[in-house]
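Listed below, chain by chain, are the residues.
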Amino acid sequence: MLTWQDVLKYANAGNPEPKNRVEKTAEQWQQELDPEVFYITRNKGTERPFSSGSCTVFEAGDYHCACCSNLLFSGDEKFNSGTGWPSFTKPAYLESIAYIGDNSNGMQRVEIVCNVCDAHLGHVFPDGPPPTGLRYCVNALSMTKA
């Protein structure tokens, strides 16, 4: 089971190898993505809290990267964190997510990105429910549900 210590290790020492990579220029992404999705995923933007109805939808299904369709999370791992962003306890697969130390905005956090295309997803925190204790706090626009 993935732990906070594992997350910190990946953020500091390198991430799991993805099964494949998708590389595109910023111009290519901008042509393919809705402007809001481009802002969130390619420019590390953040949605306003509670701006998406996805926070309160808890149905079976999978959540994929809005940019490259990489499977990110299972709906079975989604929970109501009360934070205003969709939250999950763990990624679908170890190699689904990459972790990057983030010291922006005067905080020490761990950014999560799609491990296939580097799309910004959100951040992970060590204040989630058992058994992982992790809270993957994700921008709704960075994902599509299948």
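Numbering of residues starts from 1 in every chain and runs along the sequence as written. Local features in this predicted model are restricted to residues of pLDDT 70 or higher, and side-chain atom pairs are both shown and tallied only at a pLDDT of 80 or more, whereas totals for entire chains, interfaces and linings draw on every residue. Computation of side-chain values covers all heavy atoms of the structure but excludes hydrogens and water.

Q: I'd like a rundown of the overall build of the chain, residues and numbers included.
A: Along the chain, the regular secondary structure elements total three helices and nine strands. A run of H or I in DSSP counts as a helix once it spans at least four residues, and a run of E counts as a strand once it spans at least two, with each numbered from the N terminus. Each helix (α) and strand (β) of the chain, taken in turn from the N terminus, gives the series α-α-α-β-β-β-β-β-β-β-β-β. When we talk radius of gyration, it's over C-alpha atoms, and the globule rule is simply 2.2 Å times the number of residues to the 0.38. For the chain, the C-alpha radius of gyration of 14 Å lies close to 15 Å, the compact-globule estimate for 146 residues. Along the longest, intermediate and shortest principal axes, the C-alpha atoms of the chain span 40 × 35 × 35 Å.

Q: Can you break down the side chain of R135 residue by residue, with the values?
A: Here R135 shows up in strand β8 (residues 135-138). Between buried and exposed lies partly exposed: a residue is buried under 20% and exposed over 50% of the maximum accessible area for its type, with that area taken using a 1.4 Å probe on protein chains only. Judged by its relative accessible area of 10%, R135 falls in the buried class. Pairing of N or O atoms within 3.5 Å defines a polar contact, subject to two protein rules: one partner must be a possible hydrogen donor and the other a possible acceptor, and residues neighboring in sequence count only if both atoms are side-chain atoms. Side-chain polar atoms of R135 contact the side chain of D127, separated by 2.8 Å. Should any heavy atoms of two residues lie within 4.5 Å, those residues are considered in contact. Not counting residues within four places of it along the chain, the set of residues in contact with R135 comprises F79, S81, T83, S87, F88, H123, V124, F125, D127 and G128.

Q: Any chance you could break down the environment of F73 for me, citing the residues and the numbers?
A: On the secondary structure map, F73 appears in strand β2 (residues 71-74). Given a relative accessible area of 0%, F73 falls into the buried group. Separated by 53 residues in the primary sequence, F73 and P126 place their C-alpha atoms 17 Å from one another. Not counting residues up to four positions away in its chain, the partners in contact with F73 are D62, Y63, F88, K90, P91, A92, I97, I112, Y136, V138 and M143.

Q: I'd love a proper account of helix α3 (residues 35-42), names of residues and values included.
A: Three or more residues of α3 are buried, namely V37, F38, I40 and T41. In the core, the buried residues of α3 are packed alongside α2 (26-32) and β7 (120-125). Regarding α3, its N-cap is D34, as a side-chain oxygen of that residue lies 3.0 Å from the backbone nitrogen of E36 further along. Count one or two residues on from α3 and you reach K44, which has phi positive near 60°.

This is a description of form; function is not addressed.
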